[in-house]
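Per-entry structural report
This is what each chain is made of:
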Amino acid sequence: MSNTIVQAERYHDVCFGHRVVNHESKCKHLHGHNYRFYFVIEAENGLDPLGRVLDFSIIKETLCEWLEQEWDHRFLLFEEDPYLSSLQELSPESIVVVPFNPTAENIALHMIHVVAPPLLAPYGCRLVECRVEETRKCTATAKIGDR
C-alpha cells in the first residue's frame, strides 16, 4: 500500500467566453462555452483522521466558488489581445484580463499553478490534475509532473 495514491475528484460546470488570439480558425472570434472543470486533489501528508483526502464540500467552497466568483458569465481576454481596450470600454465588469492566451490548456495550467495553491494550502492538499472540458468532445488536461 505504500505506493498507493489516493485522490479526490470533483467537477464543476461554469459558463464563460473567450477568444484565442492569432488562432488560425474560428476560435479567433468572440465566443463562449459551457465548461466543465475536473479537479483532482491529493493530500500532502496522507488521508485525514476520517480517511479522506479532503471533504468534497471544501473543493466546492474553494475551487468551484472561485470559478463562480471570478469567471462565471464573464469574458476572458489575453492581456495582449488587440480587442481588449475596446471590449473593456463597452463592458468593463464583464472582462477578465488574464496573462495568457485563454486556451483550455492554458486555463488548466493557470488553475494548477496560480489559482489552486493558495486556496488549498490551508488544507494540506494540492491540485494535481485539472481537466478543462471546453465541449463534450474537447478536453485539455494539466497534471503536476513530479509524482
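Here, every reference points to the structure presented above.
Attention in this report is confined to the structure presented alongside it. (Residues numbered from 1 in each chain as written. Predicted model: local features only at pLDDT ≥ 70, side-chain atom pairs only at ≥ 80, totals over all residues. Heavy atoms only, no water.)

**A look at the environment of V114**
Mapping V114 onto the fold places it in helix α3 (residues 104-120). Spatially, the C-alpha atoms of V114 and L54 are 20 Å apart, while their sequence positions differ by 60 residues. (Helix = DSSP H or I, 4+ residues; strand = E, 2+ residues; numbered from the N terminus.)

**So, the side chain of D72**
Note on placement: D72 falls in the loop between α1 (56-70) and β3 (75-78). The charged side chain of D72 is buried without a salt bridge, its nearest counter-charge being R74 at 9.3 Å. Within the structure, D72 has its side chain in polar contact with the backbone nitrogen of C15 (distance 3.3 Å). The contacts of D72, once residues within four sequence positions are left out, are V14, C15 and L67. (Buried < 20%, exposed > 50% of the residue type's maximum accessible area, 1.4 Å probe, protein only. Lys, Arg positive; Asp, Glu negative; His and termini not counted. Salt bridge = Lys/Arg side-chain N within 4 Å of Asp/Glu carboxyl O. Polar contact = N/O pair within 3.5 Å; in protein donor to acceptor, adjacent residues only side chain to side chain. Contact = heavy atoms within 4.5 Å.)

**Some points on the pattern of salt bridges**
Here the structure, examined in full by the defined rule, presents seven salt bridges. In this structure, the salt-bridge partner of R131 is E129, at a minimum N-O distance of 3.0 Å. Within this structure, E9, E129, R131 and K143 form a network of salt bridges that share partners.

**Describing α3**
Roughly 40° is the biggest bend found in α3, and it falls at M111. Along α3, the residues classified as buried are A104, I107, A108, H110, M111, I112, V115, A116 and L120. Those residues of α3 hidden inside the fold are in contact with β1 (8-18), β2 (31-43), α1, β3, β5 (125-133) and β6 (139-143). (Bend = angle between axes of the 7 residues up to and from the residue.)

**Regarding the packing of aromatic side chains**
Going through the model one piece at a time under the given rule, you end up with seven aromatic pairs. Plain terms: the ring middles of F16 and F37 are 6.3 Å apart, the flat faces sit at 40° to each other, and that makes the pair tilted. Placement of the pair is F16 in strand β1 and F37 in strand β2, with a sequence separation of 21 residues. One exposure class covers both F16 and F37, and it is buried. Summarising the aromatic geometry, the rings of Y35 and F37 are spaced 6.2 Å apart at their centres and angled 45° between planes, so their arrangement reads as tilted. Judged by relative accessible area, which is 1%, Y35 ranks as buried. Among the aromatic side chains, those forming a connected cluster through ring pairs are F16, Y35, F37, F39, W66 and W71. The aromatic ring of Y38 is capped on one face by R131, whose charged end is 4.3 Å from the ring centroid. (Phe/Tyr/Trp six-rings, centres within 6.5 Å; stacked < 30°, edge-to-face > 60°. Lys NZ or Arg CZ within 6 Å of the ring centre and 35° of its normal.)

**Considerations on unusual backbone geometry**
Of note, N22 is a non-glycine position whose phi angle comes to about 70°, a positive value. Since its relative accessible area comes to 74%, N22 is described here as exposed. In the Ramachandran plot, H73 falls in the positive-phi region, its phi being about 55° despite a non-glycine side chain. With respect to the secondary-structure elements, H73 resides in the loop between α1 and β3. Residue H73 is classed as exposed on the basis of its relative accessible area, which comes to 63%.

**Quick notes on the packing of α1 against α3**
At a minimum axis distance of 9 Å, the contact between α1 and α3 shows a crossing angle of 125°. Considered as vectors, α1 and α3 are oriented oblique to each other. Here α1 and α3 pass one another in a crossing that is right-handed. Touching T62, L63, W66 and L67 of α1 are M111, V115, A116, L119 and L120, all from α3. Its residues placed into classes, the contact of α1 with α3 shows eight nonpolar, one polar and no charged. (Axes fitted to C-alpha atoms, helices over the stretch in contact; angles between N-to-C directions. Parallel < 35°, antiparallel > 145°, perpendicular 65-115°, else oblique. Left-handed = near helix turned anticlockwise from the far one by under 90°. Nonpolar A, V, L, I, M, F, W, Y, C, P; charged D, E, K, R; others polar.)

Nothing here speaks to function; it is geometry throughout.
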